[in-house]
Amino acid sequence: MSSDGSSEYKVEQASTSDSRFQYFAPTSLTEFTELLEKNYDHAKICAGGTDLLVQITQCALQPKYVVSTSHLEGFDKIELNEDALNIGSLTTVRAIEKSRIINQTFPVLSEAAHEIGAIQIRNVATLGGNICQNLKCAEYNQSHIGQFMRESIKPCLKAGGTACIAPFDSLRHVVVEKGICRAPFVSDLGLALHCLDSSLTILSRRGERIVPIRQFYFGPSEFDLKEDEFVKQATVSINGSRSSSGFAKYKQTANGYAIVAVAASILFETDNSTCRKASISIGGVAPSPYEAVEAESLLEGKKIDGELIAQASRAILESVKHRGVARSFKISLARSLAKAALEKAVVHGVDVN
Amino acid sequence: MTSNINLKINGARYAFSVRDDETLLELLRTRVGLTGVKKACDAIGECGACTVLVGGRAIYSCLYPALRADGAEIVTIEGLAVDGGLNPIQESFLKLGAIQCGFCTPGMILSTQALLEENPEASVQDIHDALSGNLCRCTGYEKIIEAIMMAKQTYAKPVSRRG
């Protein structure tokens, strides 16, 4: 433990002249939220740090203060009660992947967790960090080459420029344009929570509030979280009847983010074969989670079989008009991944019940 | 001003005064001189050359603030030797020539160590999964997988199960 008893927050004070940021590790929640409030706009939360430190290296974020959650306790619990599954925001991705409770109730979450980065990342990265991660775009914060390239061109919209400079037809950008930034939504756990219609508990000095995840991801590359707020836990409600879920993702490298990822869940009627409600959330194609309503409506009210799943997947993103080579590829990828995710969901449904 | 932390590295205790933005990678390489911890992509989280074990779990030391490691137990490639001899994983890497330039090897071996500690019966699929975060630019993956399969057999025997 740190022996620096002189500082107020039992924190590791250091001169800022040679350090890029000042690091705080508060030991109580009150100190933590106070620090965030006091340093509004200048402080960033470091939970796992696997996204934040990369963002700092890439110069996409330059916080003055980094507030670590490493000494906070009690936010890494996975609890199942009669009507809901609660996952603390500081639960590591690895713990979610390995949790038997999650695997048995909402396999989409553990499958999504399994697809995130490599084990070295998953051992450290947290649920909260994954759902609140910075957007990923070569023109903004990705790759070494990109960093040099970025220095030689005008800044992108997110970096303080006036326009989005991302190419129109690209594997790593959106297919469905919503707004002015082409960076895609890439949080896998966010996607899984989105298809499960979960809600987040958000905490700050002002108190707690509960936000449904669909409102949390309200706009293009933006989420409903102020600089001094902290996601405390995610809650997935259990509605009694048989539900099943699955996840499928395509990425190009082990630590790469999703080119396309699909989370699907099906809620069955009491006969265990008719679909009451289907939910398909697609990542990598739009700036926020894309809800494939076109496919969901084809599934609802019908008996689920292989043919119906294939038919529903073919309907996905049918309305997208302008397509280049990369965009067409992403659309067919979304369709085949949706098919795989739905099929996994059906199989898990049999296993679970 | 800097802050003080205590670490246990490869079984020995250390006290450091560290800069706020110092990573565990920097600390291990420049202060302790453990150059088996490689610096390659440097805080991008791509290559796995900087893999070390913190509390028995493999992590990227380039994405781990040194201050966060306060009180932790760290194992690097230098700490794997058993009674002055090579660890069974190191031995099988050597025997099968699962090394080309050798730069990725410490990370590969530490990832394997973490895997076999957790699951001594690891399948080829488990190995692929556990090593997916370690890149080999010489692309010599086949030999590495073979070496791990071989190490697994030695490792399963309780006598040699030491970290």
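Residues numbered from 1 in each chain as written. Chains lettered and ligands numbered in written order. Predicted model: local features only at pLDDT ≥ 70, side-chain atom pairs only at ≥ 80, totals over all residues. Heavy atoms only, no water.

## Regarding the interface of chain B and chain A
Part 1 of the reasoning: Taken together, the contact pairs 32 residues of chain B with 37 residues of chain A.
Part 2 of the reasoning: In this structure, B:Glu118 engages A:Lys98 in a salt bridge whose closest nitrogen and oxygen atoms are separated by 3.9 Å.
Part 3 of the reasoning: Between the two partners, chain B and chain A, sit 14 residue pairs in polar contact (both at pLDDT 80 or more).
Part 4 of the reasoning: Considering every element that reaches the side of chain B that touches chain A, the biggest residue donor is strand S4 (residues 57-60) of chain B, with 4 residues.
Part 5 of the reasoning: Tallied by class, the residues present in the side of chain B that touches chain A amount to 12 nonpolar, 10 polar and 10 charged. (Contact = heavy atoms within 4.5 Å. Salt bridge = Lys/Arg side-chain N within 4 Å of Asp/Glu carboxyl O. Polar contact = N/O pair within 3.5 Å; in protein donor to acceptor, adjacent residues only side chain to side chain. Helix = DSSP H or I, 4+ residues; strand = E, 2+ residues; numbered from the N terminus. Nonpolar A, V, L, I, M, F, W, Y, C, P; charged D, E, K, R; others polar.)

## Re the domain arrangement of chain B
Residue and element names in this part refer to chain B.
Part 1 of the reasoning: In terms of domain boundaries, chain B breaks down into domain 1 (2-79) and domain 2 (88-154).
Part 2 of the reasoning: For domain 1 versus domain 2, the separation of C-alpha centres amounts to 21 Å.
Part 3 of the reasoning: With 17 residues of domain 1 in contact, the opposing surface of domain 2 contributes 12 residues.
Part 4 of the reasoning: Across the domain 1/domain 2 interface, buried area totals approximately 1,100 Å², and carbon plus sulfur atoms make up 68% of it. (Domains from an automatic or database assignment. Buried area = accessible area lost by both parts, 1.4 Å probe.)

## Re helix H1 (residues 29-38) of chain A
Residues and elements named next belong to chain A.
Part 1 of the reasoning: Among the residues of H1, Phe-32, Thr-33, Leu-35 and Leu-36 are the ones counted as buried. Across the axial projection of H1, the buried residues extend over an arc of 155°, all falling on one side.
Part 2 of the reasoning: Check the buried side of H1 and you find it contacts strand S1 (22-24), strand S2 (43-46), strand S3 (65-68), strand S6 (199-204) and strand S8 (230-237). (Buried < 20%, exposed > 50% of the residue type's maximum accessible area, 1.4 Å probe, protein only. Arc of directions from axis to C-beta.)

## Quick word on the pattern of salt bridges
Side-chain pairing between opposite charges can occur once the charged atoms of the two side chains come close.
Part 1 of the reasoning: In total, this model carries 28 salt bridges over all chains according to the counting rule given.
Part 2 of the reasoning: With a closest N to O distance of 3.2 Å, A:Arg94 and B:Glu118 form a salt bridge. Placement of the pair is A:Arg94 in helix H3 (residues 93-98) and B:Glu118 in helix H3 (residues 105-118), with the two residues belonging to separate chains.
Part 3 of the reasoning: Taking the relative accessible area as the measure of exposure, A:Arg94 reaches 11% and is therefore buried.
Part 4 of the reasoning: Residue B:Arg31 is joined to B:Glu22 by a salt bridge in which the shortest nitrogen-to-oxygen separation is 3.1 Å.
Part 5 of the reasoning: Residue classification places B:Glu22 among the buried positions, given a relative accessible area of 4%.
Part 6 of the reasoning: Overlapping salt bridges bring together A:Arg94, A:Glu97, A:Lys98, A:Arg122, B:Glu118 and B:Asp129 as one network.

## Comments concerning the packing of aromatic side chains
Residues and elements named next belong to chain A.
Part 1 of the reasoning: In this structure the tally under the stated criterion is 9 aromatic pairs over all chains.
Part 2 of the reasoning: Ring centres of Phe-75 and Phe-230 lie 5.5 Å apart, and the angle between their planes is 90°; on these two criteria the pair is classed as edge-to-face. Separated by 155 residues along the polypeptide, Phe-75 in the loop between S3 and strand S4 (78-80) and Phe-230 in strand S8 bring together distant segments of the chain.
Part 3 of the reasoning: On the basis of relative accessibility, which here comes to 10%, the residue Phe-75 falls in the buried class.
Part 4 of the reasoning: On the basis of relative accessible area, Phe-230 is assigned to the buried category, the value being 4%.
Part 5 of the reasoning: On the numbers, 4.7 Å between centres and 75° between planes, the contact of Phe-185 with Tyr-217 is edge-to-face. Placement of the pair is Phe-185 in the loop between helix H8 (144-152) and helix H9 (188-195) and Tyr-217 in the loop between helix H10 (213-216) and S8, with a sequence separation of 32 residues. For the pair Phe-185 and Tyr-217, a shared accessibility class is recorded, and that class is buried.
Part 6 of the reasoning: An aromatic cluster of at least three residues, connected via ring pairs, comprises Phe-185, Phe-216, Tyr-217 and Phe-223.
Part 7 of the reasoning: Above the face of the Tyr-257 ring, Arg-172 is positioned so that its terminal group lies 5.5 Å from the ring centre.
Part 8 of the reasoning: Over the ring of Phe-168 we find Arg-327, and its NZ or CZ is 3.8 Å from the ring centre. (Phe/Tyr/Trp six-rings, centres within 6.5 Å; stacked < 30°, edge-to-face > 60°. Lys NZ or Arg CZ within 6 Å of the ring centre and 35° of its normal.)

## Observations regarding the packing of H3(B) against helix H4 (residues 124-131) of chain B
All names here are of chain B.
Part 1 of the reasoning: Packing of H3 against H4 leaves a shortest axis separation of 9 Å and a crossing angle of 125°. Compared by their axis directions, H3 and H4 come out oblique. Once H3 is placed against H4, the crossing between them reads as right-handed. Of H4, the residues touching H3 (which contributes Met-108, Ser-111, Thr-112 and Leu-115) are Asp-126, Ile-127, Ala-130 and Leu-131.
Part 2 of the reasoning: Tallied by class, residues from the contact of H3 with H4 come to 5 nonpolar, 2 polar and 1 charged. (Axes fitted to C-alpha atoms, helices over the stretch in contact; angles between N-to-C directions. Parallel < 35°, antiparallel > 145°, perpendicular 65-115°, else oblique. Left-handed = near helix turned anticlockwise from the far one by under 90°.)

## Digging into the nonpolar core
Part 1 of the reasoning: The biggest cluster of nonpolar side chains holds 73 residues, and the ones touching the most others in it are A:Leu109, A:Leu189, A:Leu193, B:Leu7, B:Leu24, B:Leu28 and B:Ile74.
Part 2 of the reasoning: By residue number, the principal contributor to this core is H9(A), which donates 5 residues.
Part 3 of the reasoning: Leave out the neighbours within four places in its chain, and B:Ile74 touches B:Leu7, B:Lys8, B:Ile9, B:Asn10, B:Leu24, B:Leu28, B:Val52, B:Leu53, B:Val54 and B:Ala69.
Part 4 of the reasoning: With 34 residues, the next largest nonpolar core counts A:Val175, A:Ile304, A:Ile316 and A:Val320 among its residues. (Core = buried A, V, L, I, M, F, W, Y, C linked by side-chain atoms within 4.5 Å.)

## Focus: the side chain of A:Ser245
Residues and elements named next belong to chain A.
Part 1 of the reasoning: Its place among the elements puts Ser-245 in strand S9 (residues 243-250).
Part 2 of the reasoning: Given the relative accessible area of 1%, Ser-245 is considered buried.
Part 3 of the reasoning: Within the structure, Ser-245 has its side chain in polar contact with the backbone nitrogen of Val-108 (distance 3.3 Å).
Part 4 of the reasoning: The contact partners of Ser-245, leaving out residues within four places of it in the chain, are Phe-106, Pro-107, Val-108, Leu-196, Ala-264, Ser-265, Lys-344, Ala-345 and His-348.

## Remarks on helix H1 (residues 24-31) of chain B
Part 1 of the reasoning: Turning to H1(B), its buried residues number three or more, namely B:Leu24, B:Leu25, B:Leu27 and B:Leu28.
Part 2 of the reasoning: Looking at the residues trailing H1(B), positive phi occurs at B:Gly33, about 75°.

## What to know about unusual backbone geometry
Part 1 of the reasoning: A positive phi angle is found at A:Asp197, which is not glycine, with a value near 55°.
Part 2 of the reasoning: Even without being a glycine, B:Asn10 presents a positive backbone phi close to 50°.
Part 3 of the reasoning: Accessibility expressed as a relative area gives 27% for B:Asn10, which makes it partly exposed.

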